[in-house]
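# Secondary and tertiary structure notes
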Amino acid sequence: MLRLRRTTLLASAAVSLALVAAACGSSGKSTGSSPTTAGGSSGTAASKFNPNGTFTLEIDQEPTNFNCTSSDGNEEACINIVDRVWPSVFHTLPNYTTQLDSNFMLSATQTSSNPQTILYHINPKAVWSDGVPITYKDFVYSYQAQSGLPQYKDVGGKAFAPASTSGYSQIKTIGEYNNDPYQVQVVFSTPYPDWKGLFGADDPVLPAHIAQTVPYNDGFTDPVKDLVSGGPFMVSNYNKGTSLTLVRNPKYWGPPANLASVTFRFLTDSSQIVPALQNNEINGGILTPQLDLVNSLKQLSGVTYSQKDGLEFEHLDFNETNKWLKDPAIRQAIMLAVDRKQLIAKTVGQFDSTVTPLENHVLVPGQPGYQDNSGGLYSSADIAKAKSVLQAAGYTLNGGQLTKGGQAVTMRISSTAGNALRSSEEQFVINSIAPLGIKATETDVSSLGDALSKGNFDMIIFAWVNTPFLSGNDAIYQTANTSTGAGSSNYDGYSDPTVDKLITQADNTLDTTARTAIYNQVDAQLWKTFYNLPLFQRPVAIVYQNKYVNFQVNATAESSTYNMEQWAEKA
């Protein structure tokens, strides 16, 4: 899964969703739960914990690299690991609210609205794990790398390639304030309503003294050496392809983590999860729910399974550099041919009956402003209309094969290898477009981030994972511009001037209702130009053995490791 940056990472309002919990095989909904906070003390007395406790956590991918703010590293697997290693000003809680990390920051406040000015006050006790103080210099470097400005260069003189420039591109000045290295003043050239998303968990503060020697774009591949810590955990060991281990950071100035270590096991095959739990090879996992896995987990004793719909959505994307998919008629025909209700019924709907087709590219059900902007054109499959669209565009169907100019229309469809649910979705799409004469072949990838950043796909199914800041959508839908960094997560080669104009307008609109309305205009234009096909709001789940406490599903881009220092093993 990839992450959306500062959108809302996607949501800009505090919307509380009910947590769906299943403990020891039972399930139900509980409301009014108080989310465990990030960067705070544990809710259970420390004397009840094993001070030498360890936890092995399954995640379904290994990061491409460990710089989550870069285009290549913009993956959920990266933030799972780095979230409590590199420091963040604000964290996103499971109820979509943001919370200041009071161990890292003394304060972060807007001191002026004209021009919009933010003053950050770093805790003077804050140091990197190598002993170097965390100061305004780290904020300045993090800004430069994500500003999109050509005068700032990566190691070797290359242009920075951040996952997003949203917000950072609107900063006019940044620097030390009042001759205090622990105070940072940011002045915006234009108003930026999502400022609490900057230097946050989805794009944490980078260690400038390390990043100035390690390539930002494709470095950070040796986490033991490169990931100096400014959080409660630090990297102690990395076995590429297998696992990574975090241990308590002895230089951390805040309360020490309850667990002595957390090991991440990379299990790309979901069928390995249940046996690994049974054999104590893992103690829990962050999961993509799928039928056989959910049913098996609910039958296990001594474990808790929790599931929640949140700021995450599945979608079918089209690479517009492909000679067929660059044609709007092909994209529209595919969208018309895929019956999303039936796809859901045969996949995620088998274990979550509440899932319905997603009708918005920006907002998900439960967020203020969510509405259907599709015009109802894709509520069910319409093969006849799809064929009519293709015929009008000059395509011919002969003997079950669609052709144009004597060439057969063929393409690949991809997703993450080893994911049974995704494979079922791919096969459904293949079968759905077969009556149109479009031949598609399932060609899965081992690294989603690598395939996307290199454009090595035709059609692809994956999920964006969001935060409560709507501007995080910008980098996906903007026209890609390497000189400014705009559209840095637009892997599909999509470009529409109306969308670009509306996004710029939204980013300069402080009124929440007004800017949400503008993003709905963005969504309507995405439907009209056949950008991609949203499939459904994706449930997120965690599972853990009952000897552990303080776990909670965080279905935002920050992920369920947001409070990892509070996880604990009962004494």
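Check the entry above for the structure.
The paragraphs below set out a description of the structure included in this document.

### Some details on the overall build of the chain
Within the chain, the secondary structure is distributed over 14 helices and 24 strands. Oriented by its inertia axes, the alpha-carbon framework of the chain measures out at about 70 × 55 × 45 Å. By residue count, 61% of the 571 residues in the chain fall in the buried class. Total accessible area on the chain stands at roughly 19600 Å², and carbon and sulfur atoms take up 49% of it. Measuring between centres, the 38 positive side-chain charges of the chain sit 1 Å from its 49 negative side-chain charges.

### Quick notes on the side chain of D458
Topologically, D458 is positioned in the loop between helix 11 (448-453) and strand 21 (459-465). Among the polar contacts made by the side chain of D458, one reaches the side chain of N322 at a distance of 3.2 Å. Those residues within four positions of D458 in sequence are excluded, and the remaining contacts are D317, F318, N319, N322, L325, M411 and R412.

### Topic: the sheet that holds strand 17 (residues 401-404)
One open sheet holds the three strands; their spatial order is 16-17-18, and the pairing between them is antiparallel. At either end of the open sheet lies a strand with only one pairing partner, and these are strand 16 (396-398) and strand 18 (407-408). In the sheet, strand 17 pairs with strand 18 via two bridges, with the strands oriented antiparallel. The partner of K404 across the bridge, within strand 18, is Q407.

### Topic: the packing of aromatic side chains
By the definition in use, this model includes 24 aromatic pairs. Centroid distance F55 to Y548: 4.7 Å. Interplanar angle 85°. Geometry classified as edge-to-face. Taken together, the residues span a long stretch of sequence, with F55 in strand 4 (residues 54-59) and Y548 in strand 23 (residues 548-549) at a distance of 493 residues. The same class applies to F55 and to Y548, which are both buried.

Rules and cut-offs
- Chains are numbered independently. Their residues run from 1 in the order of the written sequence.
- For a predicted model such as this one, the threshold for reporting local features is a pLDDT of at least 70, and the threshold for listing and counting side-chain atom pairs is 80 or more; totals across whole chains, interfaces and linings nevertheless cover every residue.
- For side-chain calculations, the full set of non-hydrogen atoms in the structure is used, while hydrogens and water are omitted.
- The numbering of helices and of strands both runs from the N terminus, where a helix is a DSSP run of H or I of at least 4 residues and a strand a run of E of at least 2.
- Remark: exposure states derive from per-residue accessible area (1.4 Å probe, protein chains only) relative to the maximum for the residue type, with buried under 20%, exposed over 50%, and partly exposed in between.
- Throughout, the Shrake-Rupley method with a 1.4 Å probe supplies accessible areas, and for residues the shown protein chains are the sole cover considered.
- His is not counted, nor are the chain ends, whereas Lys and Arg count as positive and Asp and Glu as negative.
- Charged groups are reduced to one reference atom each: NZ for lysine, CZ for arginine, CG for aspartic acid, CD for glutamic acid.
- We define a polar contact as two N or O atoms separated by no more than 3.5 Å, with the added condition that, inside protein, one atom must be a possible hydrogen donor and the other a possible acceptor, whereas residues neighbouring each other in sequence contribute only through side-chain atom pairs.
- In what follows, residue pairs with any heavy atoms lying within 4.5 Å of each other are defined as contacts.
- Here a strand pair is declared whenever DSSP counts at least two bridges between the two strands.
- Pairing of aromatic rings covers Phe, Tyr and Trp, the last through its six-membered ring, and needs centres within 6.5 Å; plane angles under 30 degrees mean stacked, over 60 mean edge-to-face, and all others mean tilted.

Purely spatial values, then, with no claim about function.
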